[in-house]
Amino acid sequence: MTTIEVPDGVRKIAESLDDVPAYVYDLAGLARHAAAVRVAMAGTEICYAVKANPDAEVLRVLAPYVDGFEVSSGGEFAHVRSVLPEVPLSFGGPGKTDAELALAPSAYRWHVESPAELRRMRAPADVLLRVNLDLPVTGAALTMGGGATPFGMDPGGIAECLALLGSSPVRLRGLHTHLASGLDAPDLLALAEAVLAYGRGLGLREFNLGGGMAVSYTRPHERFDWAAYGAGLRALARPGETLRVEPGRALTAYCGWYLTTVLDVKRVHGERFAVLSGGTHHLRTPVTKGHDQPFVVLPRGGGGEDGPVTLVGRLCTPKDVFARRVTASLAAGDVVAFAMAGAYAWNISHHDFLMHPKPEFHHLPAD
Ligand SMILES: Cc1ncc(COP(=O)(O)O)c(C=O)c1O
């Protein structure tokens, strides 16, 4: 495993960690990263996808560096409004209740997912039609478009929406798309080019190109090439057009740490296991993505044995695994600090399974 730099504030919390795990958000690191992304993406609007991490402090730190926030439920909408009452909100998601549709007039942009949804809209609102073009999506970690999926509309659905606009109170602003997650800049640019060509053919000038910027959990030092993506989008944009992206994971993954103590180290049928006080009910990411979560062992004097080890939580399921047969030196009492736990981590996890204590949350202050 490559060495991962652990912020001093994370080390400090680890020193006094008891058996209740902790999440630590490095807000200074987040601010530095967001500022660099903002510069790289000059000319393109950035809308943070709140589903990646809705932590209130994280939202506050991101606010100066983004043009708005993307929410996907009435719950996220109300949450962001309570934290940042004035920020522009884009509302998307494949199924919307009547109560959610009533929020459309107060959203900055409303992402329409189907002709039936558009028919249900009874008040003026600024809408983008979410298109799912039949495009080859290669190299993605998660695919939400480029073929038959419940997300957005194919060109037939878009044509149906365009025909409905004459009798609808909504104002058509442009297109929205989010075809996949985990793509590198050249792949995202190729998709953007195709979406822009399609939208321009319909006479549209505003395009939300979605999120999905790649984050590598196996190469934690790597970063998505924001400079190449920003420059590529500036080259693609025509005068008078608005281009917007809505990244989640690639903005916040790196600011989060999940700390947990080693309760037991044992050998079973020749394999070594380290059983941790936490579990994937707090950090489900490695299970959902099928990777080894990058980590650093912070020794606390136990004198650990070196060699391959599988890091597990204490849930009664063989799926409660953070990392398999990774090389590490650890002993009971040490702290394992999992890195890259700032996106799709705590908020996608099944917290109440087995009723273990919830983690404590710490925020390392922004500079
Ligand atoms: C519509 C939409 N936009 C943006 C995102 C954010 O994607 P990512 O976190 O991969 O950048 C998602 C993720 O599922 C999404 O569904």
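Since we're looking at a predicted model, the values are computed, not measured.

About the criteria used
- Residues numbered from 1 in each chain as written.
- Predicted model: local features only at pLDDT ≥ 70, side-chain atom pairs only at ≥ 80, totals over all residues.
- Helix = DSSP H or I, 4+ residues; strand = E, 2+ residues; numbered from the N terminus.
- Rg over C-alpha atoms; globule rule 2.2 N^0.38 Å.
- Buried ≥ 20, exposed ≤ 12 C-beta atoms within 10 Å, placed from the backbone.
- Pairing = 2+ DSSP bridges.
- Arc of directions from axis to C-beta.
- Domains from an automatic or database assignment.
- Contact = placed C-beta atoms within 7 Å.
- Nonpolar A, V, L, I, M, F, W, Y, C, P; charged D, E, K, R; others polar.
- Axes fitted to C-alpha atoms, helices over the stretch in contact; angles between N-to-C directions.

1. Section: the overall build of the protein chain
Stage number 1. Along its length, the protein chain carries 11 helices and 18 strands.
Stage number 2. The globule rule puts the C-alpha radius of gyration for 367 residues at 21 Å, and the 22 Å found for the protein chain is close to it.
Stage number 3. When its C-alpha atoms are laid out on the principal axes, the protein chain stretches across 70 × 45 × 40 Å.
Stage number 4. Out of the 367 residues in the protein chain, the part that is buried amounts to 45%.

2. As for the pairing of strand β13 (residues 271-276)
Stage number 1. In this structure, strand β12 (residues 256-268) lies alongside β13, joined through six bridges in antiparallel fashion. In the sheet register, D264 faces β13, and the bridge partner there is V275.
Stage number 2. Between β12 and β13, which follow one another and run antiparallel, lie two residues, and H269 among them has a positive phi close to 50 degrees.
Stage number 3. Looking at chain direction, β13 and strand β15 (residues 308-312) are connected through three bridges and run parallel. In the strand pairing of β15, A274 is matched with L311.

3. What to know about helix α9 (residues 226-236)
Spacing of three or four residues puts side chains on the same side of an α-helix, whose turn is 3.6 residues.
Stage number 1. Every buried residue of α9 is accounted for by W226, Y229, G230 and L233. Along the axis of α9, the buried positions cluster into a sector of 95 degrees, meaning they face one direction only.

4. Focus: the pairing of strand β1 (residues 22-26)
Stage number 1. In terms of burial, β1 is largely enclosed, as five of its five residues are buried.
Stage number 2. Side chains A22, V24 and D26 of β1 all project onto a buried face; the interleaved residues Y23 and Y25 project onto the opposite face, where all are buried too.

5. Side note on the domain arrangement of the protein chain
Stage number 1. Splitting the protein chain by domain gives domain 1 (8-24 + 254-364) and domain 2 (88-247).
Stage number 2. Centre-to-centre separation of domain 1 and domain 2, based on C-alpha positions: 36 Å.
Stage number 3. Facing six residues of domain 1, the contacting portion of domain 2 comprises four residues.
Stage number 4. Looking at the side of domain 1 that touches domain 2 residue by residue, the class counts come to three nonpolar, two polar and one charged.

6. Notes on the sheet that holds strand β6 (residues 126-130)
Stage number 1. Read around the barrel, eight strands follow the order β2-β3-β4-β5-β6-β8-β10-β11 and close on themselves; strand pairing throughout is parallel. For this sheet the average axis-to-axis angle between neighbouring strands, irrespective of direction, equals 30 degrees.
Stage number 2. In this structure, strand β2 (residues 45-49) lies alongside strand β3 (residues 68-71), joined through three bridges in parallel fashion. Within β3, the residue paired with Y48 across the bridge is F69.

7. Points about unusual backbone geometry
Stage number 1. Of note, the phi angle at M340 is positive, near 55 degrees, even though the residue is not glycine.
Stage number 2. Within the secondary structure, M340 sits in the loop between β17 (335-338) and β18 (360-364).
Stage number 3. One non-glycine residue, L354, lies in the positive phi region at around 75 degrees.
Stage number 4. In this structure, L354 sits in the loop between β17 and β18.

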